[in-house]
Amino acid sequence: MSDDQNRASLAELVGTFVLVFIGSGAVVVAPLFGVVVPALAHGLVLAALIYTYGHISGGQFNPAVTLSLFVGGKQDGSQTVRFMIMQFIGAILAGWMISIVVPHGNPEFMAGFLGENAFNFGQATGVLTANHIGEALLLEGILTFFLVSAVYQAAVYGKAGNMAGLAIGFTLAVSILAGGALTGASLNPARTLGPALIAGDLSYVPAYLLGIFGGGIVGGWFHSRVLGEGED
């Protein structure tokens, strides 16, 4: 691989680590403050990361977004695979780090801080996750389609100019406001897998991955083959 390819892959690892660490940390304290905190944390940090690392890797930080760009013919297969591997590694490292910095092994502390049985590892789950996984799958897919739509129209096609990072970050934030309480509004396979793996509960992960990747694939096809017709 070239130096530029190595730099881009490393940027995706670091950026995904930051996104999942900040997002999961916000979910850990969400029992105190509600869904607004995770929504703002995810949206603001994603916008900041796009401006920070976008010139190096494109600022994807999400395997569903990366796959959607491949489906739409915006990047080749080797880069897609490299980025997705690095994104998953970054997310797992972030989940592991959350488990270290939050003293979940002290039940008295956690109960006094968050309330009885309120501790979590920052997993992207909600009220639909346990008993309505089909509905959770569908909602994650729909919301991921919205996010991919913002990526394509604001960034790939350049319709938002220098405001693309904000458009994408705001789309993630409002998606979490709408769906966070229902599914956790992950919209990101790496964001789903990292904390779930550390928490030791992968029961819902296959359905989430199916929904999120499905939304990304449909979004990539739609915005490249349908709304992308006539692009320069």
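Bear in mind the structure is a predicted one, so any value in this text is a computation, not a measurement.

Regarding a nonpolar patch on the surface
1) Next: On the surface, Val81, Ile85, Ile89, Leu93, Trp96, Ile100 and Val101 cluster together into a nonpolar patch covering about 620 Å² of accessible area.
2) Next: Relative to the helices and strands, tryptophan 96 is located in helix 5 (residues 77–101).

Section: the nonpolar core
1) Next: Formed by 22 residues in total, the largest nonpolar core has its most connected members in Leu46 and Ile168.
2) Next: Leave out the neighbours within four places in its chain, and leucine 46 touches Leu19, Phe61, Ile168, Gly169 and Leu172.
3) Next: Judged by nonpolar contacts, the second largest core, of 17 residues, contains Val205, Tyr208, Ile212 and Phe213.

Describing the pattern of salt bridges
1) Next: Counted under the stated rule, the structure contains 1 salt bridge.
2) Next: Aspartate 4 is paired through a salt bridge with arginine 7; the nearest N and O atoms lie 3.5 Å apart. Highlighted residues: aspartate 4 and arginine 7, both in helix 1 (residues 3–28), separated by 3 residues, approximately one helical turn.
3) Next: Accessibility expressed as a relative area gives 45% for arginine 7, which makes it partly exposed.

Considerations on the side chain of glutamine 60
1) Next: With respect to the helices and strands, the residue glutamine 60 is situated in the loop between helix 3 (36–57) and helix 4 (63–71).
2) Next: A distance of 2.6 Å separates the side chain of glutamine 60 from the side chain of threonine 66, its partner in a polar contact.
3) Next: Within the structure, the side chain of glutamine 60 is placed 3.0 Å from the side chain of glutamine 75, a separation counted as a polar contact.
4) Next: With near-sequence residues (within four places) excluded, glutamine 60 lies in contact with Glu12, Val65, Thr66, Leu69, Gln75, Gln79, Phe83 and Gln87.

Notes on the packing of helix 4 against helix 5
1) Next: Direction vectors running N to C along helix 4 and helix 5 enclose 175 degrees, while the axes themselves pass 9 Å from each other. Overall, the two elements helix 4 and helix 5 adopt an arrangement that is roughly antiparallel. On helix 5, the residues that touch Pro63, Thr66, Leu67 and Phe70 of helix 4 are Gly77, Thr80, Phe83, Met84, Gln87 and Phe88.

Considerations on the packing of helix 4 against helix 10 (residues 205–226)
1) Next: Close contact between helix 4 and helix 10 brings their axes to 8 Å; oriented N to C, the two are set at 35 degrees. Handedness of the crossing formed by helix 4 with helix 10: right-handed. Listed contacts from helix 10 to Pro63, Ala64, Leu67, Ser68 and Val71 of helix 4 are Ile212, Phe213, Gly216, Ile217, Gly220, Trp221, Ser224 and Arg225.

Rules used throughout
- Position labels on residues start from 1 in each chain and follow its written sequence.
- Local features are withheld for residues below a pLDDT of 70 in this predicted model, meaning they are given only at 70 or higher, and side-chain atom pairs are given and counted only at 80 or more; totals for whole chains, interfaces and linings count all residues.
- Excluding hydrogens and water, the side-chain figures rest on all heavy atoms present in the structure.
- Patches draw on residues past 30% relative accessible area with no salt bridge. Two like charges within 9 Å are joined, as are two nonpolar side chains (Val, Leu, Ile, Met, Phe, Trp, Tyr) within 5 Å.
- Shrake-Rupley sampling with a 1.4 Å probe provides the accessible areas, and residues are treated as covered by the protein chains on show and by no other component.
- Each salt bridge in this description consists of a side-chain nitrogen of Lys or Arg and a carboxyl oxygen of Asp or Glu lying within 4 Å of one another.
- The helix count covers DSSP runs of H or I at least four residues long, the strand count covers runs of E at least two residues long, and both are numbered beginning at the N terminus.
- Buried residues of nine kinds, namely Ala, Val, Leu, Ile, Met, Phe, Trp, Tyr and Cys, make up a nonpolar core once their side-chain atoms join them within 4.5 Å.
- Buried residues are those whose accessible area, probed at 1.4 Å on protein chains only, stays under 20% of the maximum for their type, while exposed residues exceed 50% and partly exposed ones sit between those limits.
- Throughout, a residue-residue contact means that at least one pair of heavy atoms, one from each residue, lies within 4.5 Å.
- Each polar contact in these results corresponds to two N or O atoms within 3.5 Å; when the atoms are within protein, one needs to be able to donate a hydrogen and the other to accept it, and residues that are neighboring in sequence are counted only if both atoms are side-chain atoms.
- Here an angle of 0 to 180 degrees is reported between the N-to-C directions of two axes, which are lines fitted to C-alpha atoms, with helices fitted over the stretch in contact.
- Roughly parallel means an angle under 35 degrees; roughly antiparallel, over 145; roughly perpendicular, 65 to 115; everything else is oblique.
- In this scheme, a crossing is called left-handed if the near helix is turned counterclockwise away from the far one by less than a right angle; it is called right-handed if the turn is clockwise.

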